[in-house]
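Close look at the chain arrangement
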Amino acid sequence: MIEVAEYELRRNKLYDLLKPNSIAILFAGVSRKSTNDECFDFEPNRSFYYLTGIKQENSVVLLAKTETGNHTYLFIDEKNPNIEKWYGIKMSCEEANKVSGIENILFTNALNAKLEMILGNGMTHFGLISNLYVDKEEDLLIGNGLNTVSFAESLNRTYSSLNVLDVHPHMCNLRMIKSKAEIEMIKDAINTTELGLNKVLKEIKDGNAKTEYNLRNAFECTIKDDGNSTLAFHSIVAAGKNGVILHYPRAAGTLGKKDLVLLDVGAAKDYYNADISRTYPVSGKFTEIQKKIYSIVLECQKVCIGFLRPGITLKEYKDFARDFLAEECFAKGLIESKDKIGDVYYHGVGHHLGLDTHDQCDMNAPLAPGMVLTCEPGLYFKDYEIGIRIEDDILITEDGSECLSQNIIKSIEELESLLA
C-alpha cells in the first residue's frame, strides 16, 4: 500500500523538476464510450494516479510553482445524490484529502475559474506564470472531444505568452525509480500471478483443460478470487502453432497432446503490475526438439538476468540477448547463420514495469537501482509449431539485479516432475 506521505514526496520531487513560475496540470481522464449507452471501465491516467492516489474519473491535479511557493490543488466532481443512485458514490473532499494528502480540494467545474485567477493578469499573489506543463498524450480523453493537447492549445490561445511544455519526461524520470512500497506492490501482484499459474499447471496435470480458454479462465478466475485482483493486461494463452504469434488474441484453440502452451499473463494490485511468461508441455513432458529450444531460452534468460546491473542501457541489454540467442541457435543447428536470428526471435528482451505493464521510461537512460524490468527472451519456430517465451520481473539493485518472480517454477526438471 502506498502511504499518503509518499504521494506528497512524489509531488515535491516533481516541483523540483519544474521551471520557476510554472503550473503543471495532470488529468485522471474520463471513461470512453463502448456502445450506445455503455462506457468501458474507467482507469485513471497513471501519472495522475502516481501523484495523488485518486482513482476517480474527471479529477485534476494542479501544481503551481510560484514566487510565493508551491501550491497544490485537487479538483474532483461534486457529489450528486441523483447521479450516485445510478453510478455509485463519489469521493467527498475529506476522503480525497485522506487519500492524497492535498489540502486544497475544489470541484472540477471550478478549474477554469481557478486557472483564470492564476494566469489572469500576473497581479495575483502567484505572480506571473510563464510555463504550462501538461501530459501531451493525445489519447488521454479529458472531456467531450477534448484531450490534453487541445486543452493546452485552448489555454495558449487565451494566454499567448504561456510556454506549453510536456511534463511526460519529468514523470518518466520519477516513475522509472520504484520506491520500497512500489516494489512490494509489484511483488504482491507477482504472488497472485503465481497462484494463477499454479492453477493452470494443476489443470494441465489433471487433464481438465481441453482448450486455450480453459487455461485462460482458470488463471483469471484464480487471480480475481485473490482479493478481487485485476488483470495487468489481456491474458495470452497460445498452444502449438499459435505460440509463434506474439500477441495471440483469441485463446480459442484446442490443446494438442504434444503441444507446448505459452502463457503471457499478469495480475495487478492497485494498478501495479506483474508480467510473467511461462511455457508448459501439455503432455507433461517435453519432446527432444522442445527441450532443445526451451533450454536455449532458459539459459539466455539466466545470463541476461546476470548481465543486468546499474549503468547498462536498454540497447546493450537487447543486443546481449540477441547475440546470445544467435550464437546458441546457430551452434545447435536451429538456424543456418547467426544473421537469421530475426526469423525466430522478433521482439525485445524486456521493458520497464510498474503502473503500466510497459511502463513509462527514457529509452536512453542507463539502468539504475530501483528500476524494475522484465526479462523475456523467446524463440518461435513456425515449422515445428513451437513458441517458447520465459519471462520474469527483475529489480535492479546497487550491484546487480534480483529476480522478483524467482519462485515461479520454470526449469524442465521441476515442470516435468510436477506434471508427471
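You'll find the structure just up there.
A brief look at the structure comes next. Note that the structure is predicted; figures quoted are calculated from it, not measured.

**What to know about the overall build of the protein chain**
When you go through the protein chain residue by residue, the secondary structure sums to 12 helices and 21 strands. Rg of the C-alpha trace for the protein chain: 24 Å, near the compact-globule value of 22 Å for 420 residues, within the 12% margin. Projecting the C-alpha coordinates of the protein chain onto the three principal axes gives extents of approximately 75 × 50 × 35 Å. Intrachain contacts of the protein chain at a sequence separation of at least 6 include 70% that bridge at least 24 residues. Looking at the protein chain as shown, the accessible area adds up to about 19,800 Å², and 50% of this sits on carbon and sulfur atoms. Once the 46 positive and 62 negative side-chain charges of the protein chain are each reduced to a mean point, those two points are 4 Å apart.

**A look at the nonpolar core**
Looking at soluble globular proteins, one finds that nonpolar side chains tend to be buried together. Membership of the largest hydrophobic core comes to 104 residues, with the highest contact counts inside it found for Leu26, Leu74, Val261, Tyr280, Tyr317, Ile341 and Leu379. With 10 residues, the top contributor of residues to this core is helix H8 (residues 180-206). Apart from residues no more than four positions distant in its own chain, isoleucine 341 is found in contact with Arg322, Leu325, Ala326, Cys329, Ile335 and Leu379. By size, the runner-up hydrophobic cluster in this structure holds 23 residues, among which are Ile118, Leu119, Phe126 and Leu140.

**Quick look at the environment of arginine 322**
Its place among the elements puts arginine 322 in helix H11 (residues 314-331). Apart from residues lying up to four places away in sequence, arginine 322 is in contact with Ile341, Gly342 and Tyr345.

**Regarding H11**
With 18 residues, H11 extends 26 Å between its outermost C-alpha atoms, agreeing within 8% with the 26 Å of an ideal straight helix rising 1.5 Å per residue. By the burial criterion, the buried members of H11 are Leu314, Tyr317, Ala321, Phe324, Leu325, Ala326 and Cys329. Contacts made by the buried residues of H11 are with helix H10 (288-307), strand E17 (372-375) and strand E18 (378-381). Immediately downstream of H11, the backbone of glycine 333 shows phi near 75°, a positive value.

**Things to note about the packing of H10 against helix H12 (residues 412-419)**
Contact pair H10 / H12: the axes reach a minimum separation of 11 Å and the direction vectors enclose 130°. Put simply, H10 runs oblique to H12. Counted together, Lys291, Tyr294 and Ser295 of H10 and Ile412, Leu415 and Glu416 of H12 form the full contact between these two elements.

**Some details on the side chain of asparagine 147**
Counting through the fold element by element, asparagine 147 comes out in strand E9 (residues 146-147). Of the residues examined, asparagine 147 reaches a relative accessible area of 18% and is grouped as buried. In this structure the side chain of asparagine 147 is engaged in a polar contact, spanning 3.1 Å, whose partner is the backbone nitrogen of valine 149. Beyond its immediate chain neighbours, meaning those up to four positions away, asparagine 147 contacts Glu138, Leu140 and Ile142.

**Looking at the layout of surface pockets**
A volume near 1,300 Å³ is recorded for the largest pocket. Among the elements of the structure, helix H2 (46-52), strand E11 (230-231) and strand E14 (267-269) are those that each provide at least two residues to the lining of the largest pocket. A class-by-class count of the residues in the lining of the largest pocket yields 13 nonpolar, 12 polar and 12 charged. Of the voids in this model, the second largest pocket is the one considered here, and its volume is about 720 Å³.

**Focus: the packing of helix H1 (residues 4-17) against helix H7 (residues 168-176)**
Between H1 and H7, the shortest axis-to-axis distance is 10 Å and the interhelical angle comes to 135°. By the angle between their axes, H1 is oblique relative to H7. At the point where H1 passes H7, the crossing takes the right-handed sense. On H7, the residues that touch Arg10, Lys13, Leu14 and Leu17 of H1 are His170, Met171 and Leu174. For the contact of H1 with H7, the per-class residue count stands at four nonpolar, one polar and two charged.

**Considerations on the sheet that holds strand E15 (residues 272-273)**
Two strands in a sheet stick together by hydrogen bonds in their backbones, pointing the same way (parallel) or opposite ways (antiparallel). Pairing is antiparallel in the open sheet, where three strands are placed in the order E11-E14-E15. Of all strands in the sheet, those bounded by a partner on one side alone are E11 and E15. Both E11 and E14 contribute to a ladder of two bridges, which runs antiparallel. Of the residues in E14, the one forming a bridge with leucine 231 is alanine 267. Strand contacts of H8: E14 and E15, with the helix running at about 145° to E14, the strand carrying the most contacts.

**So, a nonpolar patch on the surface**
Taken together, the side chains of Ile83, Trp86 and Tyr87 define a hydrophobic patch exposed on the protein surface, amounting to about 470 Å² of accessible area. Note on placement: tyrosine 87 falls in helix H3 (residues 81-87). Look at tyrosine 87 and you get exposed, because its relative accessible area is 70%.

**Remarks on the pairing of strand E19 (residues 386-389)**
Of the two faces of E19, the one holding Ile386 and Ile388 and the one holding Gly387 and Arg389 are both buried throughout. Note that E18 and E19 share four bridges and pair antiparallel. In the sheet register, phenylalanine 381 faces E19, and the bridge partner there is isoleucine 386. Counting the residues that bridge the hairpin from E18 to E19 gives four residues, and of these glutamate 385 lies at a positive phi of roughly 55°.

**What about the environment of phenylalanine 381?**
Of note, phenylalanine 381 is situated in strand E18. Relative accessible area serves as the criterion here: at 6%, phenylalanine 381 is assigned to the buried category. For the pair phenylalanine 381 and valine 344, spaced 37 residues apart in sequence, the C-alpha separation works out to 5.9 Å. Once residues lying within four places of it in the same chain are set aside, the contact partners of phenylalanine 381 are Val244, Ile293, Leu334, Val344 and Ile386.

So, how was this worked out
- Residues numbered from 1 in each chain as written.
- Predicted model: local features only at pLDDT ≥ 70, side-chain atom pairs only at ≥ 80, totals over all residues.
- Heavy atoms only, no water.
- Helix = DSSP H or I, 4+ residues; strand = E, 2+ residues; numbered from the N terminus.
- Rg over C-alpha atoms; globule rule 2.2 N^0.38 Å.
- Contact = heavy atoms within 4.5 Å.
- Areas by Shrake-Rupley, 256 points an atom, 1.4 Å probe, with all protein chains shown as cover.
- Lys, Arg positive; Asp, Glu negative; His and termini not counted.
- Charge placed at Lys NZ, Arg CZ, Asp CG, Glu CD.
- Core = buried A, V, L, I, M, F, W, Y, C linked by side-chain atoms within 4.5 Å.
- Buried < 20%, exposed > 50% of the residue type's maximum accessible area, 1.4 Å probe, protein only.
- Expected span 1.5 Å × (residues − 1).
- Axes fitted to C-alpha atoms, helices over the stretch in contact; angles between N-to-C directions.
- Parallel < 35°, antiparallel > 145°, perpendicular 65-115°, else oblique.
- Polar contact = N/O pair within 3.5 Å; in protein donor to acceptor, adjacent residues only side chain to side chain.
- 1 Å grid on protein atoms, 1.4 Å probe; cavity = no way out; pocket = protein on both sides within 12 Å on 5 of 7 lines; lining within 4 Å.
- Points joined across faces, edges and corners; volume = space filled by probe spheres on them.
- Nonpolar A, V, L, I, M, F, W, Y, C, P; charged D, E, K, R; others polar.
- Left-handed = near helix turned anticlockwise from the far one by under 90°.
- Pairing = 2+ DSSP bridges.
- Patch = residues over 30% accessible without salt bridge, like charges linked within 9 Å, V, L, I, M, F, W, Y side chains within 5 Å.
- Salt bridge = Lys/Arg side-chain N within 4 Å of Asp/Glu carboxyl O.

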